[in-house]
Amino acid sequence: MTLLRRIVLQKFTKKTLLSLIILVSLTSCGHETRFKLKSSGETGIDFTNQLVSLPNQNILNYIYFYNGGGAAIADLNNDNLPDIIFGANQTLPELYLNLGDFKFQKSPLPKIASGWNNGIAIGDVNGDGWIDLYLARVASDSVPEVHNALLVHQGLDEQGRPVFDEQAKKYGLDFRGLSTHSSFLDYDLDGDLDLFLLNHSVNPNMNYGNGAKREKTDSVSGDRLYENQNGLFVDVSAQAGIFQGSIGYGLGLSIADYNNDGYPDIYVGNDFFENDYLYLNQRDKSFKEIIQTQKEALGHTTHYSMGNASGVTNFTKYGLTPIELKRVLHVLMVITIFKVLIVQLVIEHGS
């Protein structure tokens with residue numbers, strides 16, 4: 001008997017097993033799919049994140065070489081159609097304007113210094129009604145001009161295409177380090193957008209150590225919180241209680257109001273041995289990280305996190321208590337286990 005089968009049979013009664021098998025069978029019934037694949041010929045999207053191993057860029061000297069370049073969806077020309085920005089690791093991002101009916105047209109973006117690109121964040125940083133783009137990048141000693149890029153929307157050209165200008169330095173967002181992703185948020189509810197910048201370390205064996213290392217500041221790997229102060233983004237990480245240590249391997253970032261107090265909180269998923277971080281907004285321009293200090297605050301957290309999403313918090317908006325939400329997640333987990341079990345039984349004994 002396999003380990004999976006022993007776990008299942010030990011945890012659930014025969015009645016529960018029968019009910020769940022029926023439920024899984026019903027959810028697995030064949031029906032017409034809701035989504036259909038569109039070819040590049042139909043859509044006009046021919047983007048490819050082509051990777052080439054180079055002496056200074058390869059899987060041996062950068063552990064996140066194959067993590068991808070990110071993407072973002074936003075209406076960049078204010079025509080009420082969502083456009084798509086694809087991030088390419090070794091080349092410039094590509095923008096595709098939505099023409100309607102799933103047809104897109106490539107639109108130019110300004111050239112920036114060649115370097116490694118990761119995530120893309122969207123937000124109106126200057127409140128002019130146009131969406132701006134912030135690119136998380138990996139700085140290189142050999143290319144000192146590489147830093148995170150802020151593409152500020154300048155309006156439309158005569159063809160109705162958005163025009164951008166790189167202005168990261170002007171806004172205080174020209175961070176040089178190992179950036180993964182970022183997210184705009186109004187953490188102090190003053191009406192303008194602030195920024196949380198998720199960074200990562202790259203040497204897990206060299207950086208392994210006591211959790212107290214998260215209290216120290218690493219200039220290239222530590223996360224950052226920037227407060228928008230009259231149009232200039234100021235690093236307030238230390239006074240806001242944000243960890244900036246060398247043992248943070250940020251690969252996931254979510255912004256949500258986890259305790260329903262009206263203020264945005266921050267969840268960071270860390271790769272390797274470091275704990276995740278859950279920062280609860282204290283409503284005084286500071287955060288309290290509770291995973292390290294309140295062991296029972298969360299039922300489960302992860303190591304080796306590869307990402308996260310806060311969509312599950314929508315359950316609370318529909319009247320589910322945390323306990324009820326936990327039960328929902330447990331049922332989803334059980335259904336997943338049984339789908340795996342059924343596949344295994346079919347493989348072992350035939351259909």
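Before reading further, recall that the structure is shown in the block above.
Okay, so let's go over this structure. Residue numbers here run from 1 along each chain, matching the order of that chain's written sequence. Per-residue local features are limited, in this predicted model, to residues with pLDDT of at least 70; the limit for side-chain atom pairs, both in listing and counting, is 80 or more; totals at the level of whole chains, interfaces and linings are taken over all residues. Excluded from the side-chain calculations are hydrogens and water; all other atoms, namely the structure's heavy atoms, are used.

**Observations concerning the overall build of the chain**
Operational definition: Helix and strand assignments follow DSSP, with helices taken as H or I runs no shorter than four residues and strands as E runs no shorter than two, numbered in order from the N terminus. Remark: exposure states derive from per-residue accessible area (1.4 Å probe, protein chains only) relative to the maximum for the residue type, with buried under 20%, exposed over 50%, and partly exposed in between. We call two residues in contact whenever any of their non-hydrogen atoms come within 4.5 Å of each other. Areas reported here follow the Shrake-Rupley algorithm with a probe of radius 1.4 Å; residue values treat only the protein chains shown as occluding.
Secondary structure summary: the chain contains 8 helices and 16 strands in total. In the chain, which comprises 351 residues, the proportion classed as buried is 43%. Taking the intrachain contacts of the chain between residues at least 6 apart in sequence as the baseline, contacts between residues at least 24 apart amount to 54%. Just so you have it, the chain exposes about 19,400 Å², and 56% of that area is on carbon and sulfur atoms.

**Looking at the sheet that holds strand β10 (residues 194-199)**
Worth spelling out the cut-off: Any two strands are treated as partners once DSSP identifies two or more bridges connecting them. Axis geometry follows a simple rule: fit a line to the C-alpha atoms, using only the stretch in contact for helices, then measure angles between N-to-C directions, giving values from 0 to 180 degrees.
The strand order across the open sheet built from 4 strands is β9-β10-β11-β12, with neighbouring strands paired in antiparallel fashion. Edge strands, defined here as strands with exactly one partner in the open sheet, are β9 (179-185) and β12 (232-235). The mean inter-strand angle of the sheet, taken between neighbouring strand axes irrespective of direction, is 25°. Bridging between strand β11 (residues 224-229) and β12 involves 4 bridges; their strand directions are antiparallel. The residue of β12 that forms the bridge with Gln229 is Leu232.

**Digging into unusual backbone geometry**
Backbone geometry at Asp101 places phi at a positive 60°, although glycine is not the residue there. Checked against the element boundaries, Asp101 lands in the loop between β3 (94-100) and β4 (103-107). Even without being a glycine, Lys285 presents a positive backbone phi close to 70°. Among the secondary structure elements, Lys285 is positioned in the loop between β15 (277-281) and β16 (287-289).

**A few points about the side chain of Ser221**
Using the following cut-off: Polar contacts, as counted here, are pairs of nitrogen or oxygen atoms within 3.5 Å of one another; within protein the pair requires one atom able to donate a hydrogen and one able to accept it, and residues that are adjacent in sequence qualify only if both atoms are side-chain atoms.
You can see Ser221 is positioned in the loop between α5 (204-207) and β11. Here the side chain of Ser221 touches His200 through a polar contact of 3.4 Å, landing on its backbone oxygen. If near-sequence neighbours (up to four positions away) are discounted, Ser221 is found in contact with Leu178, Asn199, His200, Ser201, Gly245, Ser246 and Gly248.

**Focus on the nonpolar core**
The nonpolar side chains of a soluble globular protein tend to be buried with one another. Here is the rule we go by: To form a nonpolar core, buried Ala, Val, Leu, Ile, Met, Phe, Trp, Tyr and Cys residues must be joined to one another through side-chain atoms within 4.5 Å.
Core analysis: the largest hydrophobic core is formed by 15 residues, its most contacted members being Phe196, Leu225, Ile242, Ile266, Val268, Tyr279 and Phe287. Elements with a minimum of two residues in this core: β10, β14 (265-270) and β15. Ignoring sequence-local partners within four residues, the contact set of Ile266 consists of Leu185, Phe196, Leu253, Ser254, Ile255, Tyr258, Tyr277, Leu278, Tyr279 and Phe287.

**Some points on the pattern of salt bridges**
Stated precisely, the cut-off is as follows: The term salt bridge refers to a pairing of a side-chain nitrogen on Lys or Arg with a carboxyl oxygen on Asp or Glu at a separation within 4 Å.
Taken as a whole and assessed by the stated rule, the structure comprises 6 salt bridges. Glu94 serves as the salt-bridge partner of Lys106, at 3.6 Å between the closest nitrogen and oxygen. Taken together, the positions of Lys106 in strand β4 and Glu94 in strand β3 put the pair 12 residues apart, joining distant regions of the chain. The partner of Arg224 in a salt bridge is Asp235, with the nearest N and O atoms 3.5 Å apart.

**Overview of the sheet that holds β15**
Strands sit in the order β13-β14-β15-β16 across an open sheet of 4 strands; the sheet is antiparallel. One side of each edge strand has no neighbouring strand; the edge strands of this open sheet are β13 (250-256) and β16. Recorded for the sheet is a direction-independent mean angle of 20° between the axes of neighbouring strands. Taken together, the 3 bridges between β15 and β16 define a ladder with antiparallel strand orientation. Within the sheet, the bridge partner assigned to Leu280 lies in β16 and is Lys288.

**Observations concerning the pairing of strand β7 (residues 149-156)**
Within β7, 6 of the 8 residues are buried, which leaves it mostly tucked inside the rest of the structure. Alignment of strand β6 (residues 132-138) against β7, held across 3 bridges, turns out to be antiparallel. Directly across from Leu135, in β7, lies its bridge partner Ala149. Note: β7 against strand β8 (residues 162-166), 4 bridges, orientation antiparallel. Bridge pairing in β8 links His153 to Phe164. Adjacent in sequence and paired antiparallel, β7 and β8 are bridged by 5 residues, among which Gly160 carries a positive phi angle near 80°.

**Quick word on the packing of aromatic side chains**
For clarity, the cut-off: Here is the rule: rings of Phe, Tyr and Trp (six-membered ring for Trp) pair when centre to centre is within 6.5 Å. Planes less than 30 degrees apart are stacked, more than 60 are edge-to-face, and the remainder are tilted.
Within this structure, the stated rule accounts for 13 aromatic pairs. Seen in terms of ring centroids, Phe196 and Tyr279 are 6.3 Å apart; in terms of plane orientation they differ by 50°. Their pairing is tilted. With a gap of 83 residues between them, Phe196 in strand β10 and Tyr279 in strand β15 connect regions that are remote in the sequence. Looking at Tyr279, the relative accessible area reads 0%, which means it is buried. Site record: aromatic cluster; members linked through ring pairs are Tyr187, Phe196, Phe243, Tyr277, Tyr279 and Phe287.

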